[in-house]
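# Structural features, examined
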Amino acid sequence: MNQDANTSPFTLIGRVDRSHGLHGEVKILLEFDDLAILDELNLVYLQNERGDYFPVRITEIRIEEKRNEFSFFVQFENIADRTAADRLKNSGIYLETETANLLIVEEEIDSSLIHFDVFNTQDEHIGTVMEVLEGTAQTVLNISSNKGTLLVPLVEHYIVEINEEEEYIICQNETELQDLL
């Protein structure tokens, strides 16, 4: 296997948010939007305190939808109780980079989103996109508003619609981010 020395052998695909229930199930937060990828996941990697990656098999994935938001619950092999699940809190979930590149197709985000007007779901003007920040985990919109700068991740939780023809973006849940100003 030829690998560039600067390329990590593993790619972050999500995080363990918290334990759920008494039998070792955990809620996870994903770094991608395509739910079909979940069907392909059966072996992922977690990272221990020393930074070593270790494989863990997924035995079950359960998806719940509440208020138009999806929650993902995973049962890992050999994580059989809440105590073991609690130890995984905030742990990164990784795939081998080669596998991640095959499964997760990154959408090309054109920097032409700059100067798009941004509105919330109540049709109130939030601001204007001044910069598109390409991060390793996700793309973030730098929005200039009369309250200051607002950084909005370009994910379904915050972005409802991007209308390229009329050059506007509709956001939701932006108050979660405005509290950080």
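Above: the structure in question.
Here we summarise the structure given alongside this text. (Residues numbered from 1 in each chain as written. Predicted model: local features only at pLDDT ≥ 70, side-chain atom pairs only at ≥ 80, totals over all residues. Heavy atoms only, no water.)

## Regarding the pattern of salt bridges
When charged atoms on two side chains of opposite charge get close, those side chains can pair. The test is simple: We count a salt bridge whenever a side-chain nitrogen from Lys or Arg sits within 4 Å of a carboxyl oxygen from Asp or Glu. When accessible area is computed with a 1.4 Å probe and restricted to protein chains, residues below 20% of their type maximum are described as buried, those above 50% as exposed, and intermediate ones as partly exposed.
Evaluation of the coordinates by the stated rule reveals three salt bridges. Between Asp52 and Arg50 there is a salt bridge, with the nearest N and O atoms lying 2.2 Å from each other. By relative accessible area, which is 30% here, Asp52 ends up partly exposed. Across the pair Glu64 and Arg62 runs a salt bridge, and its minimum N-O distance is 2.3 Å. We classify Glu64 as partly exposed; its relative accessible area is 25%.

## Notes on the packing of aromatic side chains
Heads up, the rule is: Working definition: a ring pair exists when centres of Phe, Tyr or Trp rings (six-membered ring for Trp) sit within 6.5 Å. Plane angles under 30 degrees give stacked, over 60 give edge-to-face, the rest tilted. Starting at the N terminus, helices and strands are each numbered in turn, a helix being any DSSP run of H or I of at least four residues and a strand any DSSP run of E of at least two.
Within the structure shown, the criterion is met by four aromatic pairs. Measuring from ring centre to ring centre gives 4.7 Å for Phe10 and Tyr45, while their planes differ by 55°; the resulting arrangement is tilted. Of this pair, Phe10 sits in strand β1 (residues 10-20) while Tyr45 sits in strand β3 (residues 43-47), placing them 35 residues apart in sequence. Across this residue pair, the class does not change: Phe10 and Tyr45 are buried. Ring centres of Tyr53 and Tyr94 lie 5.0 Å apart, and the angle between their planes is 80°; on these two criteria the pair is classed as edge-to-face. Taken together, the positions of Tyr53 in strand β4 (residues 53-66) and Tyr94 in strand β6 (residues 92-96) put the pair 41 residues apart, joining distant regions of the chain. Its relative accessible area of 11% is what places Tyr94 among the buried residues.

## Focus: the nonpolar core
To keep things clear, this is the line we draw: In plain words, nonpolar cores are sets of buried Ala, Val, Leu, Ile, Met, Phe, Trp, Tyr and Cys residues tied together by side-chain atoms within 4.5 Å. Contacts are assigned to residue pairs with any non-hydrogen atoms lying within 4.5 Å of each other.
Grouped together as the largest cluster of nonpolar side chains are 24 residues, with contacts concentrated most on Ile13, Ile28, Leu41, Val44, Phe76 and Ile93. Listing elements by their share of this core, those giving two or more residues are β1, β2 (25-30), β3, β4, β5 (69-76), α1 (82-86) and β6. In contact with Ile28, other than residues within four places in its own chain, are Arg15, Val16, Asp17, Phe72, Val74 and Ile93. If you look at the next biggest cluster of nonpolar residues, it comprises 17 residues, including Leu141, Ile143, Tyr158 and Leu177.

## Focus on the pairing of β2
Counted only if it meets this: Two strands are counted as paired when DSSP detects at least two bridges linking them.
Burial analysis of β2 places five of its six residues in the buried class, the great majority of the element. Examined bridge by bridge, β1 and β2 share six bridges and lie antiparallel to one another. Paired with Val16 across the two strands is Ile28, which belongs to β2. The antiparallel pairing of β1 with β2 creates a hairpin that spans four residues between the two strands, and Gly21 there sits at a positive phi of about 85°. As defined by bridge partners, β2 adjoins β5 across three bridges and the pair is classed as antiparallel. Residue pairing across strands places Val26 opposite Val74, the latter belonging to β5.

## Some details on the pairing of β5
The buried fraction of β5 is high, at six of eight residues. Sheet analysis places β4 next to β5, joined by eight bridges and oriented antiparallel. Considered in β5, the bridge of Glu60 is made with Gln75. In sequence, β4 turns back onto β5 through a hairpin of two residues, with Arg67 there showing a positive phi of about 50°.

## Description of the sheet that holds β3
What counts here: Axes here refer to lines fitted to C-alpha atoms; in helices the fit is confined to the stretch in contact. Angles between the N-to-C directions go from 0 to 180 degrees.
Read around the closed barrel, the six strands follow the order β1-β2-β5-β4-β3-β6; overall the barrel is antiparallel. Pairwise comparison of adjacent strand axes, ignoring direction, gives a mean angle of 50° for this sheet. The sheet contact formed by β3 and β6 spans two bridges and is antiparallel. Along β6, the bridge assignment pairs Leu46 with Ile93.

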